[in-house]
Amino acid sequence: MAIPWPRDIREYPERMRATLRAVGETSITAGLILMLFCAYLLWGTGAYTQSQQLLLKRELERENAGKLDRIELGRAVALLRIPKLGRDYQYAVVEGVGAEQLKKGPGHYPDSAMPGQTGNFVLSGHRTTYAAPFREIDELERDDEIVVEAREARYTYRVTSQDIVRPDEIEVLAPVPGKPDIRPIRAFITLSTCHPEYSAAERLIVYGVLKETEPRKE
Amino acid sequence: MYAWLWRKLPGRPRTRALTAVVLLAAVVAVLWYVVFPLLEPAVTLDEVTVEK
């Protein structure tokens, strides 16, 4: 406080009151701003994701023909549907897992397999912020379907298991998840998100394997 | 702080109240659209990738 304390001790209570009021008002203001920031993280960030999802979905509808082996970072890979999480559950998967790409939707690891390919199709998605596409993937159980609508075909994977791993256990990304030394003969899918919710301590992993391929009719 | 601000606002109580609401909205808008997006990358409560 810049103002010096009064000489007369009888004026102390007034001074004290003013100081306490200032501290109280500042604390309340800081608290309100923090609450607003939490609201922004949980809901505000989703607005950006929603608008980007529209663009990505439009991109998928437009370029309907042919299979793309390599997709540029930030472009649409396929449409992800998980019937167990609701009939409306569909997200456009974006290429890349950098912060910028994950803001747009679930991201595909560029080095992992493409949808339906032999190997591991690996996706990461937010669980609390940016529309939280993977918020409820912990509810997936064995034999639940994960549908990936790529440009050339619809691939239906079935969930095989779930796991919780350390953030650096990159074995889960291997062509055969968890077994980096084995060459794949099947097509797998792996979803990763943070665990527990609101924490970056661990990762929740959902594994699946390709069950059915339906080529798109032209 | 708020009492001081209230005294500084010009006009009758009604005008003051209106000005206060507008000011509050402006502050919230600046926080929401400018400050929070800048702060957001520093919050790592939603790290989702697996990497070395």
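Please refer to the structure placed before this passage.
The rules we used
Residues numbered from 1 in each chain as written. Chains lettered and ligands numbered in written order. Predicted model: local features only at pLDDT ≥ 70, side-chain atom pairs only at ≥ 80, totals over all residues. Helix = DSSP H or I, 4+ residues; strand = E, 2+ residues; numbered from the N terminus. Rg over C-alpha atoms; globule rule 2.2 N^0.38 Å. Buried ≥ 20, exposed ≤ 12 C-beta atoms within 10 Å, placed from the backbone. Pairing = 2+ DSSP bridges. Contact = placed C-beta atoms within 7 Å. Axes fitted to C-alpha atoms, helices over the stretch in contact; angles between N-to-C directions. Core = buried A, V, L, I, M, F, W, Y, C linked by C-beta atoms within 7 Å.

A few words on the overall build of chain B. The helix and strand inventory of chain B stands at 2 helices and 0 strands. Since a compact globule built from 52 residues should have a radius of gyration of about 10 Å, the 19 Å found for chain B marks it as more spread out than a globular shape. Along the three orthogonal principal directions, the C-alpha set of chain B runs to about 60 × 20 × 10 Å. The proportion of buried residues among the 52 residues of chain B is 10%.

Here the focus is the sheet that holds strand β1 (residues 76-81) of chain A. Strand pairs in the sheet, formed through backbone hydrogen bonds, run parallel or antiparallel to each other. Pairing in this closed barrel of 8 strands is mixed, and the strands run β1-β2-β3-β4-β7-β8-β6-β5 (chain A) around the ring. Along the sheet, helix α1 (residues 12-62) of chain A makes contact with β1 and β2 (90-95) of chain A, crossing β2 of chain A at roughly 80°.

Let's shift gears to the pairing of strand β7 (residues 187-195) of chain A. Residues and elements named next belong to chain A. Among the 9 residues of β7, 9 are classified as buried, and the element is accordingly described as predominantly covered. In this structure, strand β4 (residues 119-124) lies alongside β7, joined through 6 bridges in parallel fashion. Its bridge partner lying in β7, Asn120 is registered against Phe188. Judged from the 8 bridges that link them, β7 and strand β8 (residues 202-215) form a sheet pairing that is antiparallel. Looking at β8, one finds that Cys194 is bridged to Arg203. Taking the residues that link successive antiparallel strands as the turn, the β7-β8 hairpin has 6 residues, and the phi of Tyr198 there is positive, at about 70°.

Residues and elements named next belong to chain A. Note that the residue after His195, namely Pro196, is joined by a cis bond; omega there is -10°. By secondary structure assignment, the location of Pro196 is in the loop between β7 and β8. Notably, Tyr130 is not glycine yet its phi reads approximately 50°, a positive angle. With respect to the element layout, Tyr130 can be found in the loop between β4 and β5 (145-149). C-beta crowding within 10 Å serves as the criterion here: with 25 such atoms nearby, Tyr130 is assigned to the buried category.

All names here are of chain A. Formed by 42 residues in total, the largest nonpolar core has its most connected members in Ala78, Leu80, Ala92, Val93, Val148 and Val206. Mapped onto this core, the elements with two or more residues apiece are β1, β2, β4, β5, β6 (153-165), β7 and β8. Ignoring any residue separated from it by four or fewer positions in sequence, one finds Val93 in contact with Val77, Ala78, Leu80, Gly105, Pro106, His108 and Leu123.

Moving on, we get to the interface of chain A and chain B. Contact with chain A, which involves 31 residues of that partner, is made by 19 residues of chain B. Looking at the side of chain A that touches chain B, the elements with two or more residues in it are α1, α2 (99-102) and β7 of chain A.

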